[in-house]
Each structure stands twice: as structure tokens, then as C-alpha cells.
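As a plain string of letters, each chain reads:
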Amino acid sequence: MTVEITSPEELRELLGPPMPRAVTKERPVLHARDRDWLAASPFCLVATAGADGTCDVSPKGDPPGLTLVLDEQTIAIPERPGNRRADGYRNILENPHVGLIFLIPGRTDTLRINGRARLVRDAPWFDDLVVEGHRPVLAVVVEIEQIFYHCAKAFLRSRLWQPESWQPDALPSRARLIKEVESPAQSLAELERHYGPDYAATIYA
């Protein structure tokens, strides 16, 4: 029999009260160490939801320091060439609330930021976001409402950064997955060429 949780009270009874430190650790502005973390982080996840509740989580990556700090309560994340679906960006236009998780490879803790986002197509500070000659076509500007560090347990349980636990060949190659799941018009050989050794040369093109 499946037993669902249907109320906040039931959830709290099941999980118990939050640890005091988990409640008091959040803050609304960047600490100097938060700035250090953002300067070292090459990767973040951006979670959004549309007006109808449609959700999206999009990865963003650049060399360390992908995020530009504009002031103690405002950050900017550049857009790089991608698949142009723009699911998360459409969500932001309908509902500005976003959740961000910033990772540093090898670290088992993360920095989390929640706030309100807007899309900016140009600003003087875009020049500070140039990577390999690529100036972003837009950036997500986030007004921070809540920031805190998240514990390491999920990374420890998953052994995410332990190479001996990695199994990159557990599934077929990216090209084979696309051919099998999405049934594109391109042949497997064409897809293998596209996602081959030269693929990395196109990430800022």
C-alpha cells in the first residue's frame, strides 16, 4: 500500500524539526567567503518554474568564476551557446523565482542561492563575462534573497567525486543515445562525428 504525505504537519512529524544550525545559517547578502566560492566555482545548476508550475533545471558552466558578483546582493550568470530551448529563461519571464546550486569539483559541500531573476541582454559589465572571445548574448541577473552552504551528505552517499566509483561506459555514447531515443534524421556515423573529439572546439562558437 502506498502511503502519501498530504500536509506540512505530517511531513514535520515524520522528519522531525530542523537542526538549529540549518535554520540560522541562511542570510540575505554575500559574505566574503561566498565571493571566494563563486570565484572558484566553474559550474552551477539553475532551477526555475513557470507560471503554470512547469519546472526546469539547467546546468551552467565556464572556467572558475563563471558568476559575476555585481554587489553584495546581486550576481550575474552568462548565457553561452546551447540548444536554444530556453526553457528556464521562459520560466523566468513568467516567474522570477530561481534556485541556484554552485559546485566546486572535489568539494562535497555546495553553495545555494535563492532569489529573484531577470534577463539582461546587455550591460557595461558584459565585457567582464567574455570567455575565449565570446561575449554573452544575455545574462541572468539574480537578486539574492537567501544564501547558505549545504552539507556534504548527498555527495558522500553518491561518491560523486571518487573516480573509482565512476562508470561512464555504463550507457552507450551520447551519439548512440540520441539515435536510439530521439530518432533523428542524421545517421549514427554523422552523430558520432558531431559529438567526437572536435565537439569541445565548438562550445563557445
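Coordinates for the structure precede this section.
Residues numbered from 1 in each chain as written. Predicted model: local features only at pLDDT ≥ 70, side-chain atom pairs only at ≥ 80, totals over all residues. Heavy atoms only, no water.

Considering the overall build of the chain
Now for step 1: A tally of regular secondary structure across the chain gives seven helices and seven strands.
Now for step 2: Going residue by residue from the N terminus, the α and β elements of the chain occur as α-α-α-β-β-β-β-α-β-β-β-α-α-α.
Now for step 3: Seen through its C-alpha atoms, the chain measures out along the principal axes to roughly 55 × 55 × 40 Å.
Now for step 4: Going through the 205 residues of the chain one by one, you find that 33% of them count as buried.
Now for step 5: Considering only contacts within the chain whose residues lie at least 6 apart along the sequence, 62% involve residues at least 24 apart.
Now for step 6: Computed over 24 positive and 29 negative side-chain charges, the inter-centroid distance for the chain is 2 Å. (Helix = DSSP H or I, 4+ residues; strand = E, 2+ residues; numbered from the N terminus. Buried < 20%, exposed > 50% of the residue type's maximum accessible area, 1.4 Å probe, protein only. Contact = heavy atoms within 4.5 Å. Lys, Arg positive; Asp, Glu negative; His and termini not counted. Charge placed at Lys NZ, Arg CZ, Asp CG, Glu CD.)

Thoughts on the pairing of strand β3 (residues 68-71)
Now for step 1: Alignment of β3 against strand β4 (residues 74-78), held across three bridges, turns out to be antiparallel. In the strand pairing of β4, Leu68 is matched with Ala76. (Pairing = 2+ DSSP bridges.)

Re the pattern of salt bridges
Where side chains of opposite charge bring their charged atoms close, a pairing between them can arise.
Now for step 1: Taken as a whole and assessed by the stated rule, the structure comprises twelve salt bridges.
Now for step 2: For Glu192, the salt bridge goes to Arg176, with nearest N and O atoms at 4.0 Å. You can see Glu192 sitting in helix α7 (residues 188-194) and its partner Arg176 sitting in helix α6 (residues 174-182), a full 16 residues away along the chain.
Now for step 3: Each member of the salt-bridge network shares a partner with another, and the members are Arg85, Asp87 and Arg90. (Salt bridge = Lys/Arg side-chain N within 4 Å of Asp/Glu carboxyl O.)

Here we look at the nonpolar core
Now for step 1: Counting residues in hydrophobic clusters, the biggest one holds 22 residues, and the most contacted among them are Ile75, Ile77, Leu100, Phe102, Ile113 and Val142.
Now for step 2: If you list the elements that add at least two residues to this core, you get α3 (32-40), β1 (43-49), β4, α4 (87-94), β5 (97-103), β6 (110-120) and β7 (139-150).
Now for step 3: Those residues in contact with Val142 that lie beyond four places of it in its chain are Gln73, Thr74, Ile75, Val98, Leu100, Gly115, Arg116 and Ala117.
Now for step 4: Of all hydrophobic cores here, the second largest spans nine residues; its members include Val120, Trp125, Phe126 and Val141. (Core = buried A, V, L, I, M, F, W, Y, C linked by side-chain atoms within 4.5 Å.)

Thoughts on unusual backbone geometry
Now for step 1: Even without being a glycine, Glu132 presents a positive backbone phi close to 50 degrees.
Now for step 2: Examined against the element boundaries, Glu132 turns out to sit in the loop between β6 and β7.
Now for step 3: A relative accessible area of 68% places Glu132 in the exposed class.
Now for step 4: Backbone geometry at Arg159 places phi at a positive 55 degrees, although glycine is not the residue there.
Now for step 5: Looking at where Arg159 falls in the secondary structure, it is placed in the loop between α5 (153-158) and α6.

A look at the packing of aromatic side chains
Now for step 1: As enumerated under the stated definition, the model contains four aromatic pairs in all.
Now for step 2: Between Trp125 and Phe126 the ring centres are 5.1 Å apart and the planes differ by 45 degrees, which places this aromatic pair in the tilted class. Grouping residues by exposure puts Trp125 and Phe126 together as buried.
Now for step 3: Plain terms: the ring middles of Tyr195 and Tyr199 are 5.1 Å apart, the flat faces sit at 45 degrees to each other, and that makes the pair tilted. (Phe/Tyr/Trp six-rings, centres within 6.5 Å; stacked < 30°, edge-to-face > 60°.)

Some remarks on the side chain of Ser41
Now for step 1: Here Ser41 is to be found in the loop between α3 and β1.
Now for step 2: When its relative accessible area of 0% is taken as the criterion, Ser41 is described as buried.
Now for step 3: Engagement of the side chain of Ser41 in a polar contact is seen with the backbone oxygen of Phe43, the distance being 3.1 Å.
Now for step 4: When neighbours within four sequence positions are excluded, Ser41 is seen to be in contact with Pro63, Pro64, Gly65, Leu66, Phe102, Leu103 and Ile104. (Polar contact = N/O pair within 3.5 Å; in protein donor to acceptor, adjacent residues only side chain to side chain.)

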